[in-house]
Amino acid sequence: DSGVTQTPKHLITATGQRVTLRCSPRSGDLSVYWYQQSLDQGLQFLIQYYNGEERAKGNILERFSAQQFPDLHSELNLSSLELGDSALYFCASSVLPGQGLHEQYFGPGTRLTVT
Amino acid sequence: EDKVVQSPLSLVVHEGDTVTLNCSYEVTNFRSLLWYKQEKKAPTFLFMLTSSGIEKKSGRLSSILDKKELFSILNITATQTGDSAIYLCAVEALRTGNQFYFGTGTSLTVIP
């Protein structure tokens, strides 16, 4: 158990809908990262937040947005969902923003299925 | 375009066999290359490599990086059924913030 929690565990929704995925980082970690893992594209870095501010952006679609709240939990919002958005979404956290990938602690993931 | 390519895509071996997994990359501002093991849940960190030619070893697993040829290999000797998993290779780049690029993984199945 990494100490990073994600809810919900599974989510099934229809195309065109909007969902919110939630992540609580490890206690003391200020930085949160979001990743998407699909069968055809592997694991992809989406976005990073540090202490409430966006720090780095990866391959995040415009239909997706994220934020980090004062209590440091983060939410990933996915809108106008398409079938291709079906994937496993991971959150990871680290203490500081510049720490390497090996110092990120991954949550268990949220499996999103768009039908 | 930055990319990380892993091969083979899938591998099935018998217990006791030795396997070699490959990862090649084209990423600017390279910082490190990492190997992860993923068994139906979150990836588990295995190795981080930053310097060429220095082998990292942990039990039956070992890895080495060639920064000139832009590839890394992960070796697993005397494989066991518990080694069955997807092995992910990731490259970290230093840009405006850190960027992370993952390969699609190699699926390893070890049969008794």
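Scroll up to find the structure.
In short, a report on the structure. Numbers given for residues are sequential positions, taken from 1 along each chain in its written order. As they are written, the chains are lettered A onward and the ligands numbered 1 onward, keeping that order. Restriction of local features to residues with pLDDT of at least 70 applies here, the model being predicted, together with a cutoff of 80 or more for giving and counting side-chain atom pairs; totals for whole chains, interfaces and linings are based on all residues. Based on all heavy atoms of the structure, the side-chain values leave hydrogens and waters out of the count.

Our focus in this paragraph is the sheet that holds strand β3 (residues 19-26) of chain B. Residue and element names in this part refer to chain B. Read from one edge of the open sheet, five strands run β1-β3-β8-β7-β6, paired in antiparallel fashion. Of all the strands in the sheet, the pair left with one neighbour each is β1 (3-7) and β6 (56-58). The sheet shows a mean angle of 15° between the axes of neighbouring strands, direction not considered. Whether two strands pair comes down to DSSP finding at least two bridges between them. Per the convention used, a helix needs a DSSP run of H or I reaching at least four residues, while a strand needs a run of E reaching at least two, with both numbered from the N terminus. Examined bridge by bridge, β3 and strand β8 (residues 71-76) share six bridges and lie antiparallel to one another. When the sheet's bridge partners are listed, L21 is paired in β8 with L74. Working convention: axes come from line fits to C-alpha atoms, limited for helices to the stretch in contact. Angles between N-to-C directions cover 0 to 180 degrees.

Right, let's get into the sheet that holds strand β3 (residues 19-24) of chain A. Residues and elements named next belong to chain A. Across the sheet, which stays open at both edges, the four strands sit in the order β1-β3-β8-β7 with antiparallel pairing between neighbours. A strand with exactly one partner marks an edge of an open sheet, and here the two such strands are β1 (5-7) and β7 (64-68). Going across the sheet, the axis of each strand differs from the next one's by a mean of 15°, ignoring polarity. For β7 and strand β8 (residues 74-78), the ladder comprises five bridges, and the chain directions are antiparallel. Residue pairing across strands places Q68 opposite S74, the latter belonging to β8.

Let us look at the nonpolar core. Counting residues in each nonpolar core, the largest one holds 23 residues, and the members touching the most others are V4, Y25, V27, L33, W35, Y87 and L108 of chain B. What V4 of chain B contacts, discounting residues up to four positions off in sequence, is C23, S24, Y25, V27, C89, V91, Y101, F102 and G103 of chain B. We call a set of buried Ala, Val, Leu, Ile, Met, Phe, Trp, Tyr and Cys residues a nonpolar core when their side-chain atoms join them within 4.5 Å. Buried, partly exposed and exposed residues are distinguished by accessible area as a fraction of the type maximum, computed with a 1.4 Å probe on protein chains only: under 20%, between the cut-offs, and over 50%, respectively. Among the nonpolar cores identified, the runner-up in size contains 21 residues, and I60, A66, A87 and Y89 of chain A belong to it. By definition in these notes, contact holds between two residues if any of their heavy atoms fall within 4.5 Å.

Residue and element names in this part refer to chain B. Summarising burial for strand β4 (residues 30-38): seven of the nine residues are buried, a large majority. With eight bridges connecting them, β4 and strand β9 (residues 85-95) associate as antiparallel partners. Paired with S32 across the strands is E92, a residue of β9. When β4 meets strand β5 (residues 44-49), the two strands line up antiparallel, connected through five bridges. Residue pairing across strands places W35 opposite F47, the latter belonging to β5. Adjacent in sequence and paired antiparallel, β4 and β5 are bridged by five residues, among which K40 carries a positive phi angle near 60°.

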